Amino acid sequence: MKKLLITGGAGFIGSHVVRLFVTKYPDYQIFNLDKLTYAGNLENLRDIENQPNYTFVKGDIVDASFIDALFAEHQFDGVIHLAAESHVDRSISEPMAFVMTNVVGTCNLLNAAKNTWKASGYEGKRFYHVSTDEVYGELHNPEDFFTETTPYDPRSPYSASKASSDHFVRAYGNTYKLPVVITNCSNNYGPNHFPEKLLPLMIHNILNNKPLPVYGKGENVRDWLFVVDHARAIDTVFHNGVLGETYNIGGFNEWKNIDIVMLVCKTMDSKLGRPEGTSEQLITYVTDRAGHDLRYAIDATKIMNELGWKPSLQFEEGLEKTVDWFLNNQEWLDNVTSGNYQKYYDSMYTNR
Ligand code: NAD
Ligand code: DAU
């Protein structure tokens, strides 16, 4: 049986990855390590929490002795590392939290994996680091795309911390021969997305008749991918990706912020049976994000051609699924925004 450590599995993308692996690979023992920060929520995994091949561990990747002890106890065969501080706006107000979790935390995992696996010559082991397209900086020419060879140019504390962690992963691959693989993905959307991020924030605010804050003129462009398709890509790369390689993941699905916000408004009006144009009236242009990257666009040709992955959903279908999920799970939205789930799970698990 393979023992697999997934970090950050209580978060948005991590919960979809954990669900996919627990259900698709009953012979793997899946350990979900998560600190349960404001962004981590075990409610996301209610449906699989009692599966015999699933174990939750509460803990902090910044705590090196805890991480070393965890590796020594379980002798994992593989790691899929998603735990991170993930929100750009928070990185502007609290950069050190990003340095600690995204850089120091990643190095703690790399060290533990190296020290635990080196005696076996790393046979059959794999350290998979989940990263972002933001490490490449921003694009200006509409014909340009980020490829795996685009030079790194991180411009926010978040992207600088992720770029740094990517460099450490590659350095451990080069220096210690740790078997590593990295993916850099574009903006995800879908169920369980925390409502500090653009799409769930707009859905939440429309439901509560609050202003919809659009930064600057809403001209910035992002490439959107349904979260389950990202989880499928992670499965593909974890099993078939070539060690030492990097794969970009994206949806070839670029939207200006204002256009995507308008589409969310239209979809919400139709689902809520309101006259078209009702939600749009809530759009409010606000001060731009400091250092706001203009455009991200991923060229996902490599993973498509070499590993056969491709997105399974058209964007309109994915957005409708997402809106339906939030409308059917308004209690989830209320509980994450009020911190109720956090209080509940904090009382169940002790901090390490
Ligand atoms: P998220 O914020 O929803 O979840 C992060 C998870 O990590 C949470 O469950 C949190 O409790 C946990 N965590 C944070 N600090 C921790 C620590 N010190 N120790 C242990 N656990 C900790 O993030 P997400 O959007 O699901 O992103 C997951 C990963 O994917 C991140 O590495 C992010 O950089 C990357 N990524 C995200 C996107 C996106 O669009 N959301 C796109 C590309 C890459
Ligand atoms: O590109 C991948 C990245 O996508 C991930 O690495 C990050 O973890 C993830 O948070 C996301 O980063 P963004 O900054 O692109 O996502 P966010 O949802 O915060 O913002 C999307 C765009 O919408 C961005 O241009 C800023 C804008 N925005 C955001 C918020 C929260 C607004 O206009 N208003 C808002 O209130």
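Residues numbered from 1 in each chain as written. Chains lettered and ligands numbered in written order. Predicted model: local features only at pLDDT ≥ 70, side-chain atom pairs only at ≥ 80, totals over all residues. Heavy atoms only, no water.

All right, on to unusual backbone geometry then. Positive phi, normally seen in glycine, also occurs at N192, with a value near 70 degrees. Tracing the chain through its elements places N192 in the loop between β7 (187-189) and α6 (198-207). By relative accessible area, which is 8% here, N192 ends up buried. Its identity is not glycine, yet N209 carries a phi of approximately 55 degrees, on the positive side. If you trace the backbone, N209 turns up in the loop between α6 and β8 (212-215). For N209, a relative accessible area of 60% puts it in the exposed group. (Helix = DSSP H or I, 4+ residues; strand = E, 2+ residues; numbered from the N terminus. Buried < 20%, exposed > 50% of the residue type's maximum accessible area, 1.4 Å probe, protein only.)

Judged by how many residues are buried, strand β3 (residues 54-58) sits mostly within the fold: 4 of 5 residues are covered. Two strands pair when backbone bridges link them, and strand β2 (residues 28-34) and β3 are joined in this way by 5 bridges, in the parallel orientation. Following the sheet pairing, I30 is matched in β3 by Y54. (Pairing = 2+ DSSP bridges.)

Here the focus is the UniProt feature "domain: NAD(P)-binding" (unreviewed entry) in the chain. Mapped onto the present numbering, the UniProt feature "domain: NAD(P)-binding" (unreviewed entry) falls on residues 5-322. Across residues 5-322, the secondary structure splits into 40% helix and 18% strand, with the terminal C-alpha atoms separated by 28 Å. (UniProt positions renumbered as here; feature names shortened; annotations may be inferred.)

Time to look at the pairing of β2. Taken across its 7 residues, β2 has 7 buried, putting it largely inside the fold. Residues Y28, I30, N32 and D34 line one face of β2 and the alternating positions Q29, F31 and L33 line the opposite face, and both faces are buried. Pairing between strand β1 (residues 2-7) and β2: 6 bridges, direction parallel. Bridged to L4 within β2 is I30.

Take the site of ligand 1 next. Taken together, 28 residues are adjacent to ligand 1, and I13, D34, S86, Y158 and K162 come closest. Interatomic distance of 2.9 Å between a backbone N/O atom of G11 and an oxygen atom of ligand 1. If ligand 1 stood free it would expose 840 Å²; the protein chains cover 96% of that surface. Counting residues per element, the ones that place at least two in the shell around ligand 1 are α1 (12-24), β5 (126-132), α5 (157-176) and β7. For the shell around ligand 1, the leading source of residues is β5, giving 3 residues. Counted by class, the shell around ligand 1 contains 12 nonpolar, 12 polar and 4 charged residues. (Near = heavy atom within 4 Å. Polar contact = N/O pair within 3.5 Å; in protein donor to acceptor, adjacent residues only side chain to side chain. Areas by Shrake-Rupley, 256 points an atom, 1.4 Å probe, with all protein chains shown as cover. Nonpolar A, V, L, I, M, F, W, Y, C, P; charged D, E, K, R; others polar.)

Throughout the structure, instances matching the rule amount to 18 salt bridges. As a salt-bridge pair, E49 and R46 come within 3.5 Å of each other at their nearest N and O atoms. Overall, E49 belongs to the partly exposed group, its relative accessible area being 33%. D77 is the salt-bridge partner of K125, the closest N and O atoms lying 3.1 Å from each other. Separated by 48 residues along the polypeptide, K125 in the loop between α4 (95-117) and β5 and D77 in the loop between α2 (64-74) and β4 (78-81) bring together distant segments of the chain. The structure contains a network of salt bridges with shared partners spanning E43, R46 and E49. (Salt bridge = Lys/Arg side-chain N within 4 Å of Asp/Glu carboxyl O.)

Around ligand 2 there are 23 residues in total, and T132, D133, Y158, R289 and H292 lie nearest to it. Between ligand 2 and N187 there is a distance of 2.8 Å, counted from an oxygen atom to a side-chain nitrogen or oxygen. Measuring from an oxygen atom of ligand 2, one finds a side-chain N or O atom of H292 at 2.7 Å. Surface burial for ligand 2 is 94%, taken as the share of its 690 Å² of free accessible area covered by protein chains. Examining the composition of the shell around ligand 2, we find that 3 residues originate from one element, β8, more than from any other.

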